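Examining the three-dimensional arrangement
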Amino acid sequence: MKAWQATPPFGFDALRLIDLPRPTPGPRQVLIKVQAAALNYRDLEMATGTYQGQPQQAFTLLSDGAGQVVEVGAAVTRFSPGERVIGCFWQGWEAGRLSDSAALPLGGPLDGMLSEYVLLDERGVVPCPAHLSMEEAATLPCAALTAWQALVVEGQLKAGDWVLLQGTGGVSLFAFQFALLHGARVIVSSSQDDRLKRLAKLGATGLINYRSTAIWHEQVMAITDGYGVDHVLEVGGPRSFTQSLQSLHPSGQVNVIGYLGGHQGEINPLLILQRNARVRGISVGPRQSFESMNHAIEASGLRPMIDSMHDWLKLPGALAHLQSGRHFGKVVLRITAD
Ligand SMILES: NC(=O)c1ccc[n+]([C@@H]2O[C@H](COP(=O)([O-])OP(=O)(O)OC[C@H]3O[C@@H](n4cnc5c(N)ncnc54)[C@H](OP(=O)(O)O)[C@@H]3O)[C@@H](O)[C@H]2O)c1
């Protein structure tokens, strides 16, 4: 079977499509014939060797993928051959707190989903929502679950809440869909006006161009008539964190998720005190949250927003597309096994 690996010293030139023996399931493992995979910002960092905590050895790329179970181990009870499934980002985090588990993520350091066949523990796999294609299902494990964990599981989002989303990347677009599903009011920000117009048509209440409006927290307050927002999905990082706090309604929540604007910055903790803010880090989510998210996706008929589909053999081109920031929605790879 073929698999795409990132190899030291990393970078696009060090991506390798290699041949590996097709694995056989152990007692509690399922063998998945992977049919689609999806890219995340993290995969770009993993491929280029810039991830904080980058593995030093070669590994199969990508946390996100979906396919069909083709073989199961003797003790497997959760799945049967023929079922359509999705791998969990965290292998070993089923419920409760991440720090109480010994979980590791797919796509570095664990071998990931960009392979014709993948062997996973049955406890690290979920059924695919029935109405989704394999390509759509493959987009869920990282970006969608991060948005769900932040807003719904940890944030207890409710109808009427104000939500502020930064940029139009994978996490933010899923958060947009989940927020609308819950009857929340959404303010979206983007560097590009055409994207804001698209999101206005889809139901955004407030629009901010964070490039042309550098002091955007004042605009958040104007849009909400001075109320502020109840939830922020902070993907900009330390440089936008202060404005996220300044945008907050008292006792509102900031979910620290990403660092698209850089890793360094200054934060005044008194702003957290003055707003009585709840600030928490989000690291995707456990399998239990993935399953409840999938129930909501299925019940609502929600479909992930897909930017483009690529032949998986053209991985470097797909990664370059993600790197360019031209995508609006998920970048998906189609995998066809021999
Ligand atoms: N903690 C976790 O569990 C977790 C999970 C998933 C992702 N993440 C992190 O979250 C971030 C987003 O990931 P993603 O997969 O959604 O990325 P992505 O799909 O690559 O998102 C890229 C988009 O983000 C926007 N953006 C770029 N720079 C920005 C900035 N300085 N401020 C605000 N928005 C900016 C741009 O949108 P516009 O073109 O519209 O401006 C860009 O198109 C990354 O840092 C990633 O590592 C963390």
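Given the structure is predicted, the values throughout are model-derived calculations rather than measurements. (Residues numbered from 1 in each chain as written. Predicted model: local features only at pLDDT ≥ 70, side-chain atom pairs only at ≥ 80, totals over all residues. Heavy atoms only, no water.)

1. Structural notes on the site of the ligand
- Taken together, 25 residues are adjacent to the ligand, and T168, S190, Y210, I282 and V284 come closest.
- G170 places a main-chain nitrogen or oxygen 2.9 Å from an oxygen atom of the ligand.
- I282 places a main-chain nitrogen or oxygen 2.6 Å from a nitrogen atom of the ligand.
- When the free accessible area of the ligand is taken as 930 Å², the share hidden by the protein chains comes to 86%.
- If you list the elements that add at least two residues to the shell around the ligand, you get α3 (140-154) and α4 (170-181).
- Its residues assigned to classes, the shell around the ligand comprises 9 nonpolar, 15 polar and 1 charged. (Near = heavy atom within 4 Å. Polar contact = N/O pair within 3.5 Å; in protein donor to acceptor, adjacent residues only side chain to side chain. Areas by Shrake-Rupley, 256 points an atom, 1.4 Å probe, with all protein chains shown as cover. Helix = DSSP H or I, 4+ residues; strand = E, 2+ residues; numbered from the N terminus. Nonpolar A, V, L, I, M, F, W, Y, C, P; charged D, E, K, R; others polar.)

2. Thoughts on the domain arrangement of the protein
- Domain parsing of the protein yields domain 1 (2-139 + 304-334) and domain 2 (144-281).
- Inter-centroid distance (C-alpha atoms) of domain 1 to domain 2 is 28 Å.
- The partner domain 2 presents 13 residues to the 13 residues of domain 1 that form the contact.
- Taking both sides of the interface into account, the surface hidden between domain 1 and domain 2 amounts to around 1,100 Å²; carbon and sulfur atoms contribute 63%.
- Three residues, Y41, M305 and F328, lead the burial of domain 1 against domain 2; their summed loss comes to 51% of the area buried on that side.
- Counting across the interface, domain 1 meets domain 2 through 0 salt bridges. (Domains from an automatic or database assignment. Contact = heavy atoms within 4.5 Å. Buried area = accessible area lost by both parts, 1.4 Å probe. Salt bridge = Lys/Arg side-chain N within 4 Å of Asp/Glu carboxyl O.)

3. Quick notes on the packing of aromatic side chains
- The full count for this structure, using the stated rule, is 6 aromatic pairs.
- Taking 5.4 Å as the distance between ring centres and 75° as the angle between the ring planes, the aromatic pair formed by F89 and W90 counts as edge-to-face.
- Look at W90 and you get buried, because its relative accessible area is 13%.
- Judged by centre distance (5.1 Å) and plane angle (80°), the rings of W148 and F178 are edge-to-face. Here W148, found in helix α3, pairs with F178, found in helix α4; they are 30 residues apart in sequence, far enough to count as distant. Note on accessibility: W148 and F178 belong to one class, buried.
- Clustering of aromatic rings is evident, with ring pairs tying together F89, W90 and W93.
- When the ring centre of Y117 is taken as reference, the NZ or CZ atom of R22 above it lies at 4.4 Å.
- The ring centre of Y51 lies 4.9 Å from the NZ or CZ of R42, which sits over that ring. (Phe/Tyr/Trp six-rings, centres within 6.5 Å; stacked < 30°, edge-to-face > 60°. Buried < 20%, exposed > 50% of the residue type's maximum accessible area, 1.4 Å probe, protein only. Lys NZ or Arg CZ within 6 Å of the ring centre and 35° of its normal.)

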